[in-house]
Every structure is written in structure tokens, then in C-alpha cells.
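# Structural overview for review
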Amino acid sequence: MSRSTEILLALIGAALVLALAWAVPWLRFVMTIALAKGLAVLGILLLLRAGQVSFGHALYLAFAAYAVAFGASVVPETLVLLPLAALGAALLGLVVGLFVVRYREIFFGMLNLALSMVFYSVLEKFYAITHGTDGIRLPPTTFAGQTLSNEAQGWAMLVLALLLSLGFGALIRAYLASPMGQALAGIKTRETRLEFMGISGRRVLLAAYVLSALMAGCGGAVLAMTTRHVTPALAYWTASGELVFIAILGGAGSVFGPFLGAVAYELTRVYAAALVADAWQMILGLVLLLVILFAPGGLWGMGRALLARRRSA
Amino acid sequence: MVAKIVAPPALSQPGSGHVLGPVTRRAALLGAMGGVGSLALAGRSAQAQASKPAEIKVGIATFLSGPSSVFGVPGRQAAEMLFDELNEAGGIGGVKVRPIFVDEGPGVDHFVGEYRRLVQSENVNLIFAGISSADCLACAPLSDEMKRPTLLWDCGTQRIFEDGKYEYAFRTQANATPEVLSALLYLLRAKPDFRSIAVVNQDYAWGRDSWDIFRTGLQALKPGVRVAAELFPRFGATDFSTEITRLLALRPDVVLSTTWGGDLDAFIRQSFDRKLFERSTFVLPLAESSLERVGKSLPAGHIIGARGDHWFLHPSPRDPALLARFTENYRKRFNTYPIYSTHHMAQAVFAMKAAYEKAIAAKGGAWPTDAELAAAFKGLEFPSLTGSVRIREDGQGLEDQLIGTTLHTDKYPFAVMTDMVVFPAASVTAPVGQKSLDWLKTLKPDMVQALPQPVAYKP
Amino acid sequence: MGDWLSQNGLLLGLATLDGLSYAAAVFMVAVGLNLVFGVLRILNIAHGSLYAIGGYAAASLSLFLSSRGLPEWLSLPALVVAAALVGVLLGPVIERLLLRRVEGQEPVLQLLVTFALFMVLEDLQKLVWGVQPVVSDTPVRLLGNVEIPFGADTIPFTAYQLFVLPGIALLTLVGLAWFLRRTLAGRMIVAVTEDREAARAMGIDAAKVTLLTFTAGAALAALGGALASPVASLVPGVGAQTIVLSFAVVATAGLGRVEGAAVTALLIGLGRAFAVYFEPELEVVVPYIIMVLVLLIRPQGLFGTPETRRI
């Protein structure tokens, strides 16, 4: 797919999200959450390129969300909190990354899971500070110094999430095409070969890992400022599983996948919950099974195949 | 034919008026499309409907998945039963009521979205939310933002109205402070000489909070008690054997546990199997919800509570027939005794009915707007299954507390309560504007002497 | 140190007893997952669901037996029968219908198939057994208590906890080790674990081995749940909590090593018990701390062999 088609597609997608949020007000919230998660999933996609599955990336999402929750009582400014929280998550990603990039496959996945579960326990243990599972309610934040109405704040967050998604989407696309991105794929096929060329597999993975933590941090910050309530459940292992779920649902082949997957995931969940309040989980599970068994390229892959067929017909 | 339960009106009821109001164009459109289609396209509706609606839609958030569904599902069952009975009796002011259930299981971020969907897409008139304190903390500000009356029907944290002020959120039951304090007061009178205590609470907000309340109260009312152990096993733990061994070795006079659900069942059974009940007196403020399941594994002589004055053998219910009918109907339909969460649901339903009737009466029979309905909850006094509840000016409900001692009888295959004390709500609830932990520190030991007399079990 | 020991020596003894019985439970939770991972190279997330279903099935069977007025001792073999039934009924179905279809695909897809299955089973289990806690403690009551001396005092332990759980865990460990080393089928499993391609080349029917292993793994998961059912209360969400623990064990143990799972279970069991006695706040994070420490020192896990670098 050519670059201009992709730009066009991205813009059409953004316009669709905005239109949907305008036509159906309650979906504006759902769309913002979906994009926030999409940002984190973009990081999962990056690691998937290296053949590594992190089952603990909710750690960075939750870390940034709590950073925003605590920071908001000091500087209640969205445009300060967001970058700070994201940088904090990236820094944490660097520290953790230095340790986990030495491991591959199941050990990589499980260490990530263990660390996110430790963070989950810490959030519960330091009850006096975090209020445990009750969570922290965020005070209202300003946007570029302006105090916005709830309605305007909702729109601001959606637009912010959209801009971040477009920006990071473009960045990751360029990154994957760059030597660093190509080297990631090298880790997946044969890491030893990479090292024969004088490239350190660990360093390549570390760069991607920190970048993924940064994006998860952005997602977490947006999530916190949208739901305006954070709880330790954000860091539970099922939340990490959800991110991987979305990555596969959307398709790992393109930077569109995470966002397509996140929107589809959130909509499915909302509609499943509305139709059968006590079996929504089963519906999500069945959807995932169908996608894996019949469209392993995810929704994006499915869409592409359809397009290709139409073109050839 | 069993008589149906309908909450007695709190105020004299105005004429029922015409049954069906004019159906709005939007409602007709929605009805025509039905199903999923309506979900996507619904939106942009007038916020304050002053004309009589075709039906009163109530969004009900409860746990339908995860461990908390031991309360959530009985809560939903009670709601289904009470809504049916309310409709058979003609609804509220001639308008039928319809519940729309949502699952709290997926967590706060999902629930916040569901709340918006309920308001903006389903266009519900009221929301009952929720069991999880986190969900209540998150939705109380939302209720003000979206101007939709919201009843906090079961969550426990006292922080909601102590840390915030809301115009549209009301709690139709007590909070953690009276629930825990009354158990402490009961213990102080039943066993005044105890010297040491150990706590085994679940490792999450409620477990920590309730111990904070208990300990603060204990230090004020009986300073110098030794805390032998503070154990916080994992939430959802199934194996308490290590904790039990430790307690067997420590032999504290009292073991406190505010644990609930499957965790509590396991803790009671394992303590029974290993004779811990013979060494220490247990204080289990939530054990009423486990009684039927643990059967006679819970021995006689231990202190239990029910997060309120909820007990199907309440010694002095305000309307004995009402309680008996509810218990009977619930048992017939669901084949189990109603537990406290069903009582809490009943209170939310009765409060809704009473508030509508109050608001309609105040408007001379005309249908109230959302704001008028919300205003009606303030200071509202409505019946519960066992007594009555008043909603204070800060939105907090004043609900009596019942604590008793377990007793085995031949009539029931599980422990029942004897020596029951009903604590008047005002005496155990932190006054308006005071934070619970500060208030607890001001309590004086002579408070224990002033308690109401216990009432024995009557077969 | 000497002072501390003389004061706490007795407590250490009690903690060890608790730790051993907990270790047995942890081992039973994780051993099946470990076996499956060794052969299929799939981290089966639905393992937690199989554990829960095994527990529910055992409790239901035991309740059914007692409702029919059959002798109480039957409830003990009923635990094993229920577990075997769950394994035989669900194992092959899952393997044939789902796992086989993603064989050879990306590992993440295989992992997610089990995640999806976990979500489906979680709700299915709720539909079958409801949400109220289920328990049948006949086996525990039946066997009674053992009094363990503690200074001038005695501490009652249940015989079930002290003998049955560790006993079955030990039997499983020895039995499995014997089966894998001494029987043809077992050796075939080991061969596939070590090198699938080479095993195939030797004429081993890898598909059959996979099916056999997965069924055994499912039965072991169910047995773990069944053994817990007389003590624990089964509620929705048990599966999700179980799976994290067994993941930690598998990663710490090293891939597919039964002995590794046993040693790790011992570490976690004892570590947790000592935490409850001496530093209760650490209890919840013990498995993760142990895992991180072990992997820091031995990146391939306790009993894992470092993979040879392929070029």
C-alpha cells in the first residue's frame, strides 16, 4: 500500500472516529478509551515484530495513569501531566528493560507479567497512599491553561488521543522501516545472525521496549484523564492480556491494526455487555477464536484481503 | 397466591393519573428499530423530561462476574422480583418500571463507559450503582456531571460523602463506619475482658479500611488491647491454613475478620476443621451472607453481622408481614434465603418509589424533572424490609445496624442469631461534615453502657 | 541469631508444615501446565479454567454421592475420578479442535487461542455452576485431625492437609518421573520435548504424543482443582487467580521440568509460610520475588538447560 493511500486511510479513520463521537455522544468516551489502549497496543506490536510477547505491558499504562492521578493534585494541567507521565513510564521501561531484554520468549513474557503483578500488589499494599482497590479520583484538569466544561474536556481528550495516535502511528511506521525496525525482525528470525553483523540484539530490543513503554504511558495518561478514576485493576495480568488480544484482533501486520483492533474490541465489549450482561466475556472469547482460526492476519489483514480481491475482480 | 410486596408509600400517594404519557417521537423510533440498532443510533436526547415517561428505566450496576457476584447476582434477583411486583401493583404513579442490568465485573474504566451509555443511549431515569466502592467513587461525580439521579445501593466506603458533595448521588444504606463500629461495640459489651485481638482481612480496600475503623474505635473505647497479628491474605485466597496455624499458636482472645464470599466460607470451614473457634471468639461482621452455605461449620457463640439490620428473623421489624412476605417470595423463586445484598437492593427500589411519590406530590400530581426527583431524595425517609432509612442532607443514608451471636437450633440447618442488638443509626454513624476516623477518636468508653438491650432468639 | 532461633524455632517448625502442604497444592496447580508447555510449547492460559472446572466437578460429584446416601469414603476416590473425567472429556476436544489448528503458527496466536478459551470457559463455568461458592468438605471431615505438639500446647492440623495433599503430590511427582523415564510413551514425550523434529524423524507420532500430553495436562490441572475443592470454596474468578501462580512456577522451574516444578513449589510454599509468620505483608508477592531472583541467577530457570545458539 502506498504511502499516500495510508495517509488518506489514516485521515479517513480519524474523521470516522470524530463523526461517530459526534453522532453518538456516549461513544466519544468509548472511542477515547479505545485510542488510548490502541497506543499501548502499538507498543505490543513493536515487540511482536521481534517475536516477543509482553504479558505485562499494563504495567506502563497503569504507572502513567497513577502518575497522572498523583500529579494532578500538584499541577492540574493536561499538557504538562501527559508528557511527564509518559516520560516517567519510558524511564521505568528503561530500568525494567535493561533487565528483561536479556530474556526471550516465555521468560520475557513471564518476567513482564511478574513485574506488573508486583506493581499491582504495591498499589494495593501502600493502601494509605493509593487507597488500594478503591482507587484515586482525579481532580479536574485544565487544558492549555483553560478550564474547560465537561463536554469540551471530553472533546479535547478525544482530539488529543487522535493526534497522539496519528503521530505515533506515523513514527512507528517509519521506525519499522528503519534499520532499527528491520533489526527487530532479525531478532525474531535468528538473533545470532544479527550479532554476527555487529548489532546487539539486546540493544535493539531495549530501544523498542522503551518506545513501547512511552506509548503505553501516553495511553495510560489519556485513559486516566478520560475515566478520571484509576484503580490497581489497570495493572492486573488480564489487562495486559487484553492488550495482546487487541494486537491480534487488529492484526500485527500494520500500524493500523492496533487502533482498528482497539475500536473493534471496545465496541464488541460494549455491545456484548449491553446484549448479555452476564456472558460478554464468552462473546469476546468467541470473537477472538474466530479471528485467530479464520483470519490470523486480524481485522486489518481481513480488510486488505477483501480489497485485494475486489481489485483483482 | 402469595401476596406481593410493594413498599408502603412514604407519603400519602397522589392520584395515579393517566397510565400512559404521550410517547415521544424518539421513543417510538427506538422501539421500531429495537435491538442493537437502537444502541448505536440513540443519542442526543433531552436531559430533563418533565412529561410523564412511557416507562421508568433504571440502570442497575451489579457484579455478574467475578468473586463479588456472590452479592451481585442475589442483588439482581431481588431487583427482578421487586420490579415485577411493583409493576403488578401498577408501577410508580401509574408508570411501569424496567431494570437494565450492567456488569461491574470488567472494572472501573469500563463501568464509567457503561454509566455514560446508560444515561446517553438507554436514557435511563435513574441509576443504581454499585457494589464496588471504586465504582461508586467514580460514578458519584458523574451523576452530578450528567445530572442523573444515582442511588449508591451497596458499596461500603465512607469516603464518598465525607470527601465530596453531590447533588444527584445518594446512598440508600449505611457505610463502613457504622457497620464495623456496631460490631466493635457489641464485642465490647459481650466480652468486656478480652485482652488481645488478631485480624484476618482480605488484602484490598475494604479489608484495610474496615480494620482501620475497628482499630481506631478500639483505641478510643478500650485502649491497651494487644494486637496479636495483622494478617491480610490475598483477595480471593482459598487456603487459610497458614494463617490458622499462626492464630492457633498465638491464641488471641478475639479474631476479627471482615472477609466475605468464598474467602469467608473457606476461612470458616478451615477454622472449624482445626478447632480455632474453640480457642478464640470470632467477630465476623459480614457472616450473615455466608450462613446458609457454611451450615453448622459456624459454631454457636460467635459474633456476626449483616451490613445493616438485615436479618430474616429480625426481632422487631417495623412491618413483620412485609419482611415475612419478602423472605417467603424470595425463597420460593430462588430457592435460597435472602442475604443482605437483596435487602440493600430492596432499599434502593423502595427509595426510588418513595422519592417519585414525594416529588409528584410536591408538584401537585405533575411528573417531576430529573432535578426535582433528585431533590426529593434529600431528607427522604423510606421503608426498608426491616425498619426505615433516612437520607441525610449530605446524601448518606442512616440505616440501623443489627449484630448478634450465633446459635444452633433444630429449625434451621445453619446458625441463626441470638442476643441481637439493633443499633440506632444515628448513634453509630459519623455526623454530617465529620470524617469517620476523626469522629471515632472522640468516642468515649461509657458509650458501651448506653447500648440497647440484646434480644434473644425466639423459636 | 541463636536467640532468635530458640524463640522462634517451634514456630519455624509449624511454618514448615504449613509450607509443605501449601507447596503440595502449588505443585499440583503447576505440574500439568509445565508438562504441556514442555511438549506443545504453548503456555496454556486455559489451564486455570481447567483447574476450576476440575474443582467444581469434584465438589458436584461428592455432593451427588452424599445426596444418594452412598458411603462417605467414596468422596476420596471421587476427587480423582472427577479430575480424570474432566481431563478425558475436555483435553482431547481442546487439543483437536483448537490447538491443532494453530499448530506451527506464531506462538502469540497459539497463546491467544488459550486466552480466548479461558474467557469462554470462565463464563461457561458460571452458567453451569452459578456464582455462589461451592464446596464439599466430606474428605476433610472424614479423615479428621492430627494434633501436632507445640511447646506445652498442641496445634490441630487436618490429616487431609498434612498427609493427603502432600502424599498425592509426591505420588504425582514420582509417578510422572517414572513414567517419563521408564515407559515408552513417557520417553516419547521426553523426546518430543527435547527435539520435535528429531523425534519425528525417529518415527515418533508427534501428533499422538501431543494429544496424550495435553489430555494428561488437563487431567492434572483438574486434579489440582479437585484436591483443593474440599478445602477451598470455588467461586467465579478462581481460574484467573490460579493461572498467575502456575505461570510463575513454570517460568521459575525451567521449561517442562517436572522436578523443577517440585522444587519451585517448595520454594514458594515455604517462602509464603515464612512470610505469613514473620513478615505478613510480603505474602502476596512471594512467588514473584522468588521468580525474579531465580531468573536473575539462572536465566533459563532452575532446571532449564540453556538453549544452544542456532545460526
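Attention in this report is confined to the structure presented alongside it. Bear in mind that the values here come from a model prediction, so they are computed numbers and not experimental data. Note that residues are indexed from 1 along each chain, following the sequence as it is written. In the order they appear in the text, chains get letters beginning with A and ligands get numbers beginning with 1. Only residues with pLDDT of 70 or above have their local features reported here, since the model is predicted, and side-chain atom pairs are shown and tallied only from 80 upward, although totals for entire chains, interfaces and linings are computed over all residues. The basis for every side-chain value is the complete set of non-hydrogen atoms in the structure, without hydrogens or water.

### Quick look at the packing of aromatic side chains
Working definition: an aromatic ring pair is given by the centre-to-centre distance plus the angle between the planes. So the rule is basically this: Centre distance within 6.5 Å is the pairing criterion for rings of Phe, Tyr and Trp, where only the six-membered ring of Trp is used; planes under 30 degrees apart are then read as stacked, over 60 as edge-to-face, and the remainder as tilted. Secondary structure follows DSSP: runs of H or I at least 4 residues long count as helices, runs of E at least 2 residues long count as strands, and numbering of each begins at the N terminus. Remark: exposure states derive from per-residue accessible area (1.4 Å probe, protein chains only) relative to the maximum for the residue type, with buried under 20%, exposed over 50%, and partly exposed in between. For a ring to carry a charge above it, either NZ of a lysine or CZ of an arginine must fall within 6 Å of the ring centroid while also lying within 35 degrees of the normal to the ring plane.
Taken as a whole and assessed by the stated rule, the structure comprises 36 aromatic pairs over all chains. For the ring pair Trp211(B) and Phe214(B), a centre distance of 6.2 Å and an interplane angle of 20 degrees mean the geometry is stacked. Of this pair, Trp211(B) and Phe214(B) both sit in helix 8 (residues 205-221), separated by three residues, roughly a single helical turn. Accessibility classification places Trp211(B) together with Phe214(B) in one group, the buried group. Positioned above the aromatic ring of Phe101(B), the side-chain terminus of Arg76(B) is 5.7 Å from the ring centre. Directly above the aromatic system of Tyr22(C) lies the positively charged group of Arg272(C), at a separation of 4.0 Å from the ring centroid.

### Things to note about the interface of chain A and chain C
Under the convention used in this document: In what follows, a contact means two residues having at least one pair of non-hydrogen atoms within 4.5 Å. Simply put, the buried area is the total loss of 1.4 Å probe accessible area from both parts when two parts are fitted together. Whenever Lys or Arg places a side-chain nitrogen within 4 Å of a carboxyl oxygen from Asp or Glu, that contact is recorded as a salt bridge. In protein, a polar contact means a hydrogen-donor-capable atom and an acceptor-capable atom, both N or O and within 3.5 Å, with residues adjacent in sequence counting only if both atoms are side-chain atoms; elsewhere, any N or O pair within 3.5 Å suffices. Three residue categories are used. Nonpolar comprises Ala, Val, Leu, Ile, Met, Phe, Trp, Tyr, Cys and Pro, charged comprises Asp, Glu, Lys and Arg, and polar comprises the others, including Gly.
Facing the 44 residues of chain A at the interface are 45 residues of chain C. On the chain A side of the contact with chain C, Phe107(A), Trp237(A) and Met282(A) bury the most area, a combined 15% of that side's loss. Of the charged contacts, one joins Lys188(A) and Glu106(C) as a salt bridge, the two residues approaching to 3.0 Å between their closest N and O atoms. One can count six residue pairs in polar contact (both at pLDDT 80 or more) joining chain A with chain C. Looking at the side of chain A that touches chain C, the elements that each hand over two or more residues are helix 5 (105-125), helix 8 (179-196), helix 10 (237-250) and helix 12 (280-294) of chain A. The element that contributes the greatest number of residues to the side of chain A that touches chain C is helix 12 of chain A, accounting for eleven residues. Within the side of chain A that touches chain C, the residues separate by chemical class into 30 nonpolar, six polar and eight charged.

### Describing the nonpolar core
We count it as follows: The nonpolar core is taken to be a set of buried Ala, Val, Leu, Ile, Met, Phe, Trp, Tyr and Cys residues, with the residues joined through side-chain atoms within 4.5 Å.
With 231 residues, the main nonpolar core has Leu184(A), Trp237(A) and Phe27(C) as its most contacted residues. The biggest single contributor to this core is helix 2 (residues 25-49) of chain A, with 18 residues. Contacts of Trp237(A), omitting those with residues within four sequence positions, involve Phe55(A), Leu113(A), Met117(A), Ile45(C), Phe115(C), Phe118(C), Ala240(C), Ile243(C) and Val244(C). Grouped together as the second largest cluster of nonpolar side chains are 92 residues, Ile56(B), Ala351(B), Val421(B) and Leu451(B) included.

### Overview of the side chain of Ser233(C)
Its place among the elements puts Ser233(C) in the loop between helix 9 (206-228) and helix 10 (238-253). Apart from the residues lying within four places of it in its own chain, the contact partners of Ser233(C) are Thr238(B), Gly262(B), Asp265(B), Ala266(B), Pro133(C), Val134(C), Val135(C) and Val238(C).

### Things to note about the state of the cysteines
All names here are of chain B. Going by this rule: Two cysteine sulfurs form a disulfide in these notes if their separation is within 2.5 Å.
Within the structure shown, the criterion is met by one disulfide over all chains. Shown here is the disulfide that connects Cys136 with Cys155, its sulfur atoms set 2.1 Å apart. Its torsion about the S-S bond being -100 degrees, the disulfide of Cys136 and Cys155 is classed as left-handed. Pair noted here: Cys136 is in helix 5 (residues 133-146) and Cys155 is in the loop between strand 4 (150-152) and helix 6 (159-163), with a separation of 19 residues, a long-range link. Across the pair, Cys155 and Cys136 agree in class, each one buried.

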